[in-house]
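Here is what each chain is made of, one letter per residue.
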Amino acid sequence: QVQLVQSGGGLVQAGGSLRLSCAASGAIFSINTMGWYRQAPGKQRELVATITSGGNTNYADSVKGRFTISRDNAKNTVYLQMNSLKPEDTAVYYCNAVLRTYWTSNDRLDWGQGTQVTVSS
């Protein structure tokens, strides 16, 4: 089975930084796009950032200039460096990956377990 395991969440004061990691493992043939989403209480899950296998990135307007997404293809890992954090960044952050296994030619979407990021004012 495919697993995406996250780490790096926690509590930080406004203006501080955190780095999230998400490592994919299992019978993975290839990984196309990887991304980060977040969900605050009472709100829908929203896109934070995505990165393609070729390194092209896309960011939500609310995090542009503050967050950086990157990936290490050799480790099947995606990172989210979060700087200048604001209280409104408080949410559960989820990673995902669009990938193919050895057993199918179809793309599939897998999600990490989520990790809490809390930014105090």
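Calculation rules
- Residues numbered from 1 in each chain as written.
- Predicted model: local features only at pLDDT ≥ 70, side-chain atom pairs only at ≥ 80, totals over all residues.
- Heavy atoms only, no water.
- Pairing = 2+ DSSP bridges.
- Helix = DSSP H or I, 4+ residues; strand = E, 2+ residues; numbered from the N terminus.
- Axes fitted to C-alpha atoms, helices over the stretch in contact; angles between N-to-C directions.
- Phe/Tyr/Trp six-rings, centres within 6.5 Å; stacked < 30°, edge-to-face > 60°.
- Buried < 20%, exposed > 50% of the residue type's maximum accessible area, 1.4 Å probe, protein only.
- Salt bridge = Lys/Arg side-chain N within 4 Å of Asp/Glu carboxyl O.
- Core = buried A, V, L, I, M, F, W, Y, C linked by side-chain atoms within 4.5 Å.

1. A closer look at the sheet that holds strand β1 (residues 3–7)
Sheet architecture is open: four strands sit in the order β1-β3-β8-β7, paired in antiparallel fashion. Every other strand in the sheet has two partners, leaving β1 and β7 (67–72) as the edge strands with one partner each. For this sheet the average axis-to-axis angle between neighbouring strands, irrespective of direction, equals 15°. Bridge count between β1 and strand β3 (residues 18–25): five bridges; the pairing is antiparallel. Bridge assignment links Val 5 to a residue of β3, and that residue is Ala 23.

2. Quick word on the pairing of β3
Pairing geometry for β3 and strand β8 (residues 77–82), over six bridges, is antiparallel. Directly across from Leu 20, in β8, lies its bridge partner Leu 80.

3. Brief notes about the packing of aromatic side chains
What characterises a pair of aromatic rings is the spacing of the ring centres plus the angle enclosed by the ring planes. All told, the structure shown has three aromatic pairs when counted by the stated rule. Ring plane angle 75° and centroid distance 5.7 Å describe the contact between Phe 29 and Tyr 102, whose orientation is recorded as edge-to-face. One end of the pair, Phe 29, is in strand β4 (residues 28–39); the other, Tyr 102, is in the loop between β9 (91–101) and β10 (108–111), and 73 residues separate them in sequence. As far as the burial class goes, Phe 29 and Tyr 102 line up, both exposed.

4. Things to note about the pattern of salt bridges
For the structure shown, the criterion picks out six salt bridges. With a shortest N-O distance of 3.2 Å, Lys 64 and Asp 61 are connected by a salt bridge. Asp 61 gets classed as exposed once you look at its relative accessible area, which sits at 65%. Between Arg 108 and Asp 110 there is a salt bridge, with its nearest N and O atoms 2.8 Å apart. Look at Arg 108 and you get partly exposed, because its relative accessible area is 34%. Sharing partners across several salt bridges, the network here consists of Arg 38, Glu 46, Arg 66 and Asp 89.

5. Remarks on the nonpolar core
The tendency in soluble globular proteins is for nonpolar side chains to be buried side by side. The biggest cluster of nonpolar side chains holds 31 residues, and the ones touching the most others in it are Trp 36, Leu 80, Met 82 and Tyr 93. Residue assignment for this core shows that the elements contributing at least two residues are β3, β4, β5 (46–51), β7, β8, β9 and β11 (115–120). Take this core: its biggest share by element is five residues, from β9.

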